[in-house]
Amino acid sequence: MFKIQKYISIFKLSFLHALKNYKALIGLSIFLMTCLIIFAHLWKIAAAKTGVVTFNPEQLLWYIAFNEWVLVSIPDTQEDMEQDLRSGRLAYLLPRPISYLGATFAEALGTLTVNLFVLGFVTFLFTWWQVGALPFHPVGLLVTILFGFIAGLIAVIFQMLIGLSAFWLQEVSPFFWIWEKLLFMLGGLMLPLTVYPQWMQTLAHFTPFPAILGERSALALDFNMDSILTLTLSLTGWGIFGLICLLLVYRKGLRILNVEGG
Amino acid sequence: MNAAIKINNLSKTFIARDTFPGIFGSIKGLFFAKNRELIAIKDLSFEIAAGERVAFIGPNGAGKSTTIKMLTGILHPSSGEVEVLGLIPWKDRHALGYQIGTVFGQRTQLWYHLPPSDTFDLLSKIYEIDPQIYKDRLQELISLFEIEHLLYKPVRQLSLGERMRCEIVASLLHKPKILFLDEPTIGLDINAKLMIRGLLNRLSKDHGTTLFLTSHDTADIEQVCDRVIVLDKGLIITDSSLKDLKKTYMKKKILTLVMDEEHLLLSLSGIKVLENAHHHFICEVDISSTPIDRVIQEALKLTTLKDITIEDPSMEEVIRLLYGTNRNV
């Protein structure tokens, strides 16, 4: 049996597990819709009055919806990893003939896929109902959705990297808090990056955040080949960088590991 | 001896960070906390033969779980040598994974919202078990552990005892040569405990599986194991068969006499009266100074006996004595 089949089996089971956990999906959908309602009302007023955004209010709401869709869909893998360590579950997982990192990634991917599908439908229908217009190129929408999956995957890689910090610190929430706030700000969660001061735009482009959120969402509204190419390169580069960091940190972490309990 | 586990001068040291109490203490601790070496295991050496059933016991913080984690390759030792089935656990963790099983009480490997059958299927893929062999093996374990009715029930709906049976099945699917059990009966009711112990005995008898068990429940040790290694503060304080351990530490017996008289006026050196009323005389006899038959003979001089019962002190008492002896050293 090819070893990759082990990870595919974990992915399939995680997919099934996330589907059966329908209460969590309902909770996420309600949270997502609440965020969209708040932002819709906020931006209908603010964008119209200030005129700082190049998008019109309808486009801006879709931009935020595409951002929120991916953001809310990303599973809290870093917390699961912290729990694996704190609860001692790692003692079950590590001796198995499978990579802990690979298994965690496959599991996160299963949950991410279900979340992206279910919340994708919720986001699309709810935003369409709120905005009443579809101001984007259909191909741009498809590319944004495809890149949404890749962006979610890259966010999982970086959140796993945060999860590994538990091997040293037992606690991942401070790092995750910083990551999340940077993602909101430099990813352009609520405002396109173009309205930021130049120095912040430059700074943002040295991070993976715009590719995960803002630039990807803007693609549907401002569809062009240059942006697709830039985004493809950016996502690939950050994905490879994240994976390398993950492997190096994991190798180092295993040596100092102290599983709780005993 | 065909050794399943060989440990030679194994030591494990952790670095603990001492901090200060309170809010200001926490802030101070950020700058002035001191690192302290904490010895979890010190120069541990022993061998376990294939098929042996060993209880690895000790008070909290003795280093039991740390040792299990080193034996399963989760932790790297600070020094010393370990061989499990001829492999070095932390170097050959994945290769060893095919040959060992682990059961950690109150920690789960089953997927919470899915039935156990889904986890079993996944594990068969992870351990690369041939589908036909897996089918036969699962059937065998289902009948042994009586879990047919639990197979398709979501794990969240199982009782702790039912879940533990499924956890053990999950750990046995790949037919491990060694099963490491860390508090496998913790939190279970008495029936579930009895069932798990019986199953472990059958497993060892029928398949020759080596059992390495840690537990604070002395009944687990008494009913499952035939050898006991006692650890305290990272050092082995006793390593002997259960029989020898009892012989060494059970110098006292509990004697119960049922007689015609309401109570018995018996006074002898080496006996401690525990109860003397309602036609029952119960005493603890120190057999190193006073033989049991002498106590019975003296009682017969005073009354007619209807019944006699001689009991060993509980395993719990032996363990208490062991820990106590070591602490007094």
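Thresholds, definitions, all that
Residues numbered from 1 in each chain as written. Chains lettered and ligands numbered in written order. Predicted model: local features only at pLDDT ≥ 70, side-chain atom pairs only at ≥ 80, totals over all residues. Buried ≥ 20, exposed ≤ 12 C-beta atoms within 10 Å, placed from the backbone. Helix = DSSP H or I, 4+ residues; strand = E, 2+ residues; numbered from the N terminus. Pairing = 2+ DSSP bridges. pLDDT = per-residue confidence, 0-100. Axes fitted to C-alpha atoms, helices over the stretch in contact; angles between N-to-C directions. Parallel < 35°, antiparallel > 145°, perpendicular 65-115°, else oblique. Left-handed = near helix turned anticlockwise from the far one by under 90°. Contact = placed C-beta atoms within 7 Å. Nonpolar A, V, L, I, M, F, W, Y, C, P; charged D, E, K, R; others polar.

J.: Just checking my understanding: could you explain the pairing of strand S12 (residues 280-286) of chain B for this structure?
T.: In the case of a regular strand, side chains alternate between the two sheet surfaces. All names here are of chain B. Only one face of S12 is buried: it carries Phe281, Cys283 and Val285, and the other face, with His280, Ile282, Glu284 and Asp286, is open. Relative to S12, strand S10 (residues 252-259) is paired through seven bridges, and the arrangement is antiparallel. Of the residues in S12, the one forming a bridge with lysine 252 is aspartate 286. Of the strand pairs in this sheet, strand S11 (residues 271-277) and S12 are connected by six bridges, and their pairing is antiparallel. Its bridge partner lying in S12, glutamate 275 is registered against isoleucine 282. With antiparallel pairing between neighbouring strands as the criterion, S11 and S12 make up a hairpin whose turn holds two residues, including histidine 278 at a positive phi of roughly 50°.

J.: Teacher, can you tell me more about the confidence of the model for chain B here?
T.: Fine structural detail should not be taken from predicted coordinates in areas where pLDDT scores are low. All names here are of chain B. Within chain B, residue pLDDT values average 87, and 96% of them lie at 70 or more. Least confident of the elements in chain B is helix H11 (residues 315-328), whose mean pLDDT is 66; most confident is helix H4 (residues 116-126), at 95. Taken over the whole predicted complex, pTM reads 0.81, whereas the ipTM for its chain interfaces reads 0.84.

J.: Even after reading the chapter, I still don't get the packing of helix H3 (residues 57-73) of chain A against helix H6 (residues 100-131) of chain A, so can you show me in this structure?
T.: The relative placement of two packed helices comes down to the angle between their axes together with the axis-to-axis distance. All names here are of chain A. At a closest axis distance of 9 Å, the pairing of H3 and H6 adopts a crossing angle of 160°. With respect to H6, the axis of H3 lies roughly antiparallel. Every pair of crossing elements has a handedness; the one defined by H3 and H6 is right-handed. Residues Glu58, Leu61, Trp62, Ala65, Glu68, Trp69, Val72 and Ser73 of H3 form the contact with H6, whose own contacting residues are Leu112, Asn115, Leu116, Leu119, Gly120, Thr123, Thr127, Gln130 and Val131. Its residues assigned to classes, the contact of H3 with H6 comprises nine nonpolar, six polar and two charged.

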